[in-house]
Amino acid sequence: MEPLYGVLELLVLRTLVFGPRHGYAIAGAIRDGSRDAVKIEFGSLYPALKRLELKGWIVASWEMSEHNRRARVYRLTPVGRRQLRQETSEWANFVAGVSRLLKPAQGEVEK
Amino acid sequence: VTLWKRMTYLLPWRRRAAERDMREELDSIAAMAEPRELGNLTRAAEDARAEWEWAWLEHTGQDVRCALRTLRKSPAFAVTAVLSLALGIGAATSIFGLVNAVLLRTLPVPVPEELVLFGEIAGPGRILSWSVEQFRSMQQNDALAGLCAFRPQVNFSVTWAAEAELSTGQLVSGNCYEVLGLRAHLGRLLTETDDAVSAAHPAAVISYQFWRRHFDADPNVLGRTLDLRGHAVYIIGVTPPEFHGFEPGRAVDITVPISLEPWVLQGRMTANVRWLRLIGRLRSNVSYERAASELAVRWRTVVGPARPGAPTHRFVLLSGAQGLNDLREQFSLPLRWLMAAVGLLLLIACANLASLLLARARVREQELTLRLALGASRGRIVRQLLTESLMLSILGGAGGLALAASGSRAIVSLLSRGRTPILLDVSIDARLLGFTLGITVATTVVFGLWPAIAATRQDLQSRLGATTRTVIGSNRRRAQALLTAQTVFSFVLVIAAGLFARSLTKLYGVDLGLERHQTLIVKVNPGVAGETGGRANQILQELSELLASTPGIRSLTQAMDLPFAGSSYRASIAVAGEPIDSTEVVSFNFVGPRFFETLGIPLIAGRDVQLSDDARSRPVAVISQSLASRYFPGRPPVGRRLQLGTVVVEIVGVAKDVPYAGVRRERELVVYRPYSQDAKTGVPGTYVIRTDLSPAVVAGLVRHSLHELAPAVPVGAMTTLDAQFDGSIATERLLARIAGFFGAMALLLVAIGVYGNLASSVAQRAREFGIRLALGATGRRIGRLILANALLPVSLGIMIGLPLAYSSARIAQGALFDVTSHDPLTYLTSAVVLLLVAVMAAAIPARKAARADAVSALKRV
């Protein structure tokens, strides 16, 4: 699997580790957690949620939010948790690989 | 798990629940977020739906339902669009079916590409046949794996058991099937041995169709005999079902070896008479070019050096992959014209549809803008419009195929109006289907995608901001441009129709050198009733005498060949005492007394053939005017002698030239001989009768007389010289009819285009007209405005079409008779007709606009 393709899904799974959240909260958590470095359009996030739900990595249910409103809340499933662990290590490998590539090789002289 | 979940979305209630959840969820999130923070939620929902994977299926279903609904809502549009598409595709497919059958199909034999036909070109369009002697000499070469000779299309009167039929047969050299590489369907095919021993054991091969038709596919047919003009021949085999002979379109029933010629063609084909066609198979390691040059050298030694002053002949090697190309040659010109006309018609139909769709896009502008504004993606809308076009294409394509099925047959029967029936396999094959599909898809892309993209190209801002009027304006210009393009092509087709019609009129006005009205032709074949040899001659002779004395019949004669039909016997001749010029071939006709009087051919000098010119008197001949000037330049020919084979004849008359092989062919050199002086010719069974009575009455007379003489013999084919003439210009008549048909179609499509465009533009501009009326314009003025709107693109189209027609009509020159392709009268008439049609089509919407009253027009919008 191409790592970059799954980044959004990885981020969503990661946000849900701390507990169930609804869609809008997930978007906010990604934005705040990355200190505004990663901005996700809601138009991309929402289909990603449906994708994860379809894969069975997260499940959705209607709950009451903190403001006493009805909200559709997503939570990780055991499969999703396992998937998160695996993909996190894959991501780390990927990042390490890319960094190695971007670092000037030993003996190579920059002109 | 994933797949299963996806499957559940196919269930309607499951999908409805999901939809509901999604809507509520998005609503709740929208309530939490800042306005505009989330962007296009409709798009997000759409993309989420796409995750369910079945979305494409759903969308297609939706698109199809939606397309059908919108088409149902505007039946006039749907009908005109489907009709013009069906006409275009139907015409193209049926024409292609014909082209496929005549021009493209190869003979059903192994490696047909290796087959080559021999030809000796004796002048423009004249290819000579070969004599048996030449055939044997040409067989000695290193370039070919085999060379065989055949005589296609010979009428065989055969009888078997109690049945009789005039069948079509051919004569082939013994090695023919070996050269072709054919295997028998049943029994075996002819061999060299059959050819050599044919007198002792005459063999014949019958076609699969003949076997099915007359022997009920009986496997015991082998060894049975056919009666061929009083001689028994044995059936030794049946050819494969797909093989119909050497000529596409002409089926052959019976094949016998060329050594049986005396039984079929009365032994007239002596060793040096040219009556055979040659077809060979190249050695696999010899190229076509090498073979052509090697064989040309061989040919030169066979025919001898060219005589000074004689017309130069040359040897050509033609591709034999598709068999004999006579039919191809005869029809390739009309077929090429058909293709061109069909191409234009398709272009017109496409332009027509495109302008209809543009006009529609104009009407739907509001709807589309609204949907874009509500968040539908552009791709989705383009897809829906494309689906709509595709539905039209499918309907049009289906209609087209249905039309093509009957159209092809109609065209084949049109082509068959000539002399011989034509059996063409125009059934729809894979290539044909591919062609139709190609046209359908191409048409969809051309007329569907363009308006769809045009309709969604403008960005939303400007469209919502500006009034829709500017957009309408630019679309209207585009539609008018299409109308102009359509007129350009239509103009070309209308001019073609005019030119061919004029050409046909001229052909009918030609001085034929004979009197073709009130002349009846009756064929009688006693052989059908088993009467052959001397008995048959006696019946025919007595019938002739009986009819000659019948009141109402002005004069009567018999002949082997008739004008316009081409001659069946040609040979080289010489002025008595001079050597034979074998490069020149003249036509022979064997005729009865009063031949020239009966056909109304004027004699320039000398006398007609008389009853006294019989086997006991000295041999005589009448020659044609052009033969006289070729062989006796500047000298009176009457009284001089000609060497015809072994016979020396005295010339007793010179007759005016008549178009023997057809009006448009070169005048032939003809020798007319009394049939009674030629031992090999029996009494010809073709009677020519000049009469004041109606054909039906004469037919009754002939039937009655024949019944008295020989009750068993039926009266054969009956026709008139007029019909014979019509048959001889069948190609021209066909061209005129086809051109007329396409011209009419083009006019019809222009009418549809003008009407469709104006009608929708009138509807669009109702408010504008209302304002104009309110400001004091008269209805008449508005009507004029509409008319001008229609006439502007049409006149522009005529102006652009004029040089196009002028330059492309030059190609038609060869097919025209006595009419220049730049005939000013035709051009003028075509332009006037086109304008008139446009005015008539524009009149209805123009009147509607002129009648509108200001108040209701303003209120409506």
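Note that the structure is a prediction, hence the values are computed from the model and not measured. Counting of residues starts from 1 at the beginning of each chain's written sequence and follows it residue by residue. Following the order in which they are written, the chains are lettered starting with A and the ligands numbered starting with 1. At least 70 in pLDDT is required for a residue's local features to be given in this predicted model, at least 80 for side-chain atom pairs to be given and counted, and no such filter applies to totals for whole chains, interfaces and linings, which use all residues. Only hydrogens and water are set aside; all other atoms, that is, all heavy atoms of the structure, feed into the side-chain values.

*Asks:* Talk me through the overall build of chain B; I want residue IDs and the actual numbers.
*Replies:* The helix and strand tally for chain B stands at 26 helices and 23 strands. Each residue's exposure class comes from its accessible area (1.4 Å probe, protein chains only) as a fraction of the maximum for that residue type: buried when under 20%, exposed when over 50%, partly exposed otherwise. Classification of the 861 residues of chain B by burial places 52% in the buried group. Counting only contacts in chain B whose residues sit at least 6 apart along the sequence, the fraction spanning at least 24 positions is 80%. For chain B, the accessible area works out to roughly 38,200 Å², and carbon and sulfur atoms hold 59% of it. A helix here means a DSSP run of H or I that spans at least four residues, while a strand means a run of E at least two residues long, and both kinds are numbered starting from the N terminus. Any two residues having at least one pair of non-hydrogen atoms within 4.5 Å are treated as being in contact. Exposure was quantified through the Shrake-Rupley algorithm and a 1.4 Å probe, taking into account, for residues, occlusion by the shown protein chains and nothing else.

*Asks:* Please give an account of the nonpolar core that cites residues and values.
*Replies:* All names here are of chain B. Residues grouped as a nonpolar core are buried Ala, Val, Leu, Ile, Met, Phe, Trp, Tyr and Cys residues, joined through side-chain atoms within 4.5 Å. Residues F500, F595, Y672, F742 and V754 are the most contacted members of the largest nonpolar core, which totals 106 residues. Counting residues per element, this core draws most heavily on helix α22 (residues 730–764), which supplies 16 residues. When near neighbours in sequence (up to four residues on either side) are disregarded, V754 contacts L483, A790, V794, A838, A841 and A842. In this structure, L295, V522, V575 and V654 belong to the second largest nonpolar core, which totals 81 residues.

*Asks:* Outline the packing of aromatic side chains, supporting the account with residue identities and numerical values.
*Replies:* Two aromatic rings from Phe, Tyr or Trp, using only the six-membered ring of Trp, form a pair when their centres are within 6.5 Å; if the ring planes differ by under 30 degrees the pair is stacked, by over 60 it is edge-to-face, and anything between is tilted. The tally for this structure, following the rule as stated, stands at 18 aromatic pairs over all chains. With centroids separated by 4.8 Å and ring planes inclined at 80 degrees, the aromatic side chains of F596 of chain B and Y672 of chain B adopt a geometry described as edge-to-face. In this pair, F596 of chain B sits in helix α18 (residues 595–599) while Y672 of chain B sits in strand β21 (residues 670–674), placing the two residues 76 residues apart along the sequence. Comparing F596 of chain B with Y672 of chain B, the two get one shared label, buried. These aromatic residues form a ring-pair network of at least three members: F118, W130, W299 and F315 of chain B. Over a ring means this: the NZ of a Lys or the CZ of an Arg is within 6 Å of the ring centre and within 35 degrees of the ring normal. Looking at R70 of chain A, its charged tip hangs above the ring of W62 of chain A, at a distance of 4.2 Å from the centre.

*Asks:* Could you give an account of the pattern of salt bridges, naming the residues involved and the relevant values?
*Replies:* Residue and element names in this part refer to chain B. Any carboxyl oxygen of Asp or Glu that lies within 4 Å of a side-chain nitrogen of Lys or Arg is treated as forming a salt bridge with it. Evaluation of the coordinates by the stated rule reveals 24 salt bridges over all chains. Between E120 and R274 there is a salt bridge whose closest N-O contact spans 2.7 Å. Of this pair, E120 sits in strand β1 (residues 115–123) while R274 is found in the loop between α10 (261–265) and β10 (277–282), placing the two residues 154 residues apart along the sequence. Take E120 and R274: they sit in the same class, and that class is buried. A salt bridge links R224 to D218; its shortest N-O distance comes to 4.0 Å.

*Asks:* So what's going on with the side chain of S821 of chain B? Which residues, and what values?
*Replies:* Residues and elements named next belong to chain B. The residue S821 is located in the loop between α24 (779–808) and α25 (824–851) in this model. By relative accessible area, S821 is classed as buried at 1%. In this view, S821 contacts L499, A809, R810, Q813, L816 and Y827; residues no more than four positions away in its chain are not counted.

*Asks:* Provide a residue-level description of the interface of chain A and chain B, including the pertinent values.
*Replies:* On the chain B side, the residues contacting the 20 residues of chain A number 23 residues. Overall, the association of chain A and chain B removes approximately 2,000 Å² of surface from exposure, summing both partners, and the carbon and sulfur fraction of that is 62%. Here the quantity called buried area is the total loss of accessible area, with a 1.4 Å probe, experienced by two parts when brought into contact, counted for both. By the criterion of area lost to chain B, the three top residues of chain A are Y24, Y46 and L54 of chain A, representing 37% of everything that side buries. Notably, a salt bridge pairs E24 of chain B with R70 of chain A, separated by 2.6 Å at the nearest N-O pair. For this analysis, a polar contact is any N or O atom pair within 3.5 Å, provided that within protein one partner can donate a hydrogen and the other can accept it, and provided that sequence-adjacent residues contribute only side-chain to side-chain pairs. Linking chain A with chain B are 4 residue pairs in polar contact (both at pLDDT 80 or more). For the side of chain A that touches chain B, the leading source of residues is helix α3 (residues 42–55) of chain A, giving 9 residues. The residue classification treats Ala, Val, Leu, Ile, Met, Phe, Trp, Tyr, Cys and Pro as nonpolar and Asp, Glu, Lys and Arg as charged. All others, Gly included, are polar. Classifying every residue of the side of chain A that touches chain B gives 8 nonpolar, 4 polar and 8 charged.

*Asks:* Can you tell me about unusual backbone geometry, naming the residues and giving the values?
*Replies:* A negative phi holds for most residues other than glycine; trans holds for most peptide bonds. Residue and element names in this part refer to chain B. The backbone phi angle of Q518 is positive, close to 55 degrees, even though this residue is not glycine. Within the secondary structure layout, Q518 lies in the loop between α16 (469–508) and β12 (519–524). You will see that D818, though not glycine, has its phi angle at about 60 degrees, which is positive. Within the secondary structure, D818 is located in the loop between α24 and α25.

*Asks:* Can you break down helix α4 (residues 78–102) of chain A residue by residue, with the values?
*Replies:* All names here are of chain A. Helix span, as expected, comes to 1.5 Å for every residue beyond the first. With 25 residues, α4 should reach 36 Å at 1.5 Å per residue; the first-to-last C-alpha distance of 36 Å fits that figure. Turning to α4, its buried residues are G80, Q83, L84 and E87. Looking at the buried side of α4, the elements it contacts are α1 (7–15) and β3 (70–76).

*Asks:* Mind laying out the environment of G146 of chain B, listing which residues take part and the relevant values?
*Replies:* All names here are of chain B. Looking at where G146 falls in the secondary structure, it is placed in strand β3 (residues 144–160). Since its relative accessible area comes to 15%, G146 is described here as buried. Put simply, G146 and L180 are 34 residues apart on the chain and 9.1 Å apart in space, counted from C-alpha to C-alpha. The residues touching G146, leaving out its near neighbours within four places in the chain, are V179, I279, G280 and R281.

*Asks:* Please set out the sheet that holds strand β2 (residues 58–64) of chain A residue by residue, giving values where relevant.
*Replies:* Residue and element names in this part refer to chain A. Whether two strands pair depends on DSSP finding at least two bridges between them. Pairing is antiparallel across the open sheet formed by 3 strands, whose spatial order is β1-β3-β2. The open sheet has two edge strands with one neighbour each: β1 (21–22) and β2. By the bridge criterion, 7 bridges tie β2 to β3 in an arrangement that is antiparallel. When the bridges of β3 are listed, I58 appears paired with L76.

*Asks:* Before we move on, could you go through helix α3 (residues 41–50) of chain B and cite the residues and values that matter?
*Replies:* For α3 of chain B, the full list of buried residues reads A44, A45, E46 and A48 of chain B. Sitting at the head of α3 of chain B, N40 of chain B places a side-chain oxygen 3.2 Å from the backbone nitrogen of T42 of chain B.

*Asks:* Now, about the confidence of the model for chain B: what can you tell me, with residues and values included?
*Replies:* In regions of low pLDDT, the predicted coordinates are not meant to be interpreted in detail. Residues and elements named next belong to chain B. Chain-level statistics for chain B give a pLDDT mean of 81 and a share of 85% at 70 or above. For every residue, the predictor reports its confidence as pLDDT, a number between 0 and 100. Taking the mean pLDDT of every element in chain B, the minimum, 53, falls on helix α15 (residues 460–465) and the maximum, 95, on strand β18 (residues 620–624). Note on residues 466–471: pLDDT is under 50 here. Beyond four places in sequence and across chains, it has 4 contacts. ipTM for the predicted complex: 0.79, alongside a pTM of 0.63.

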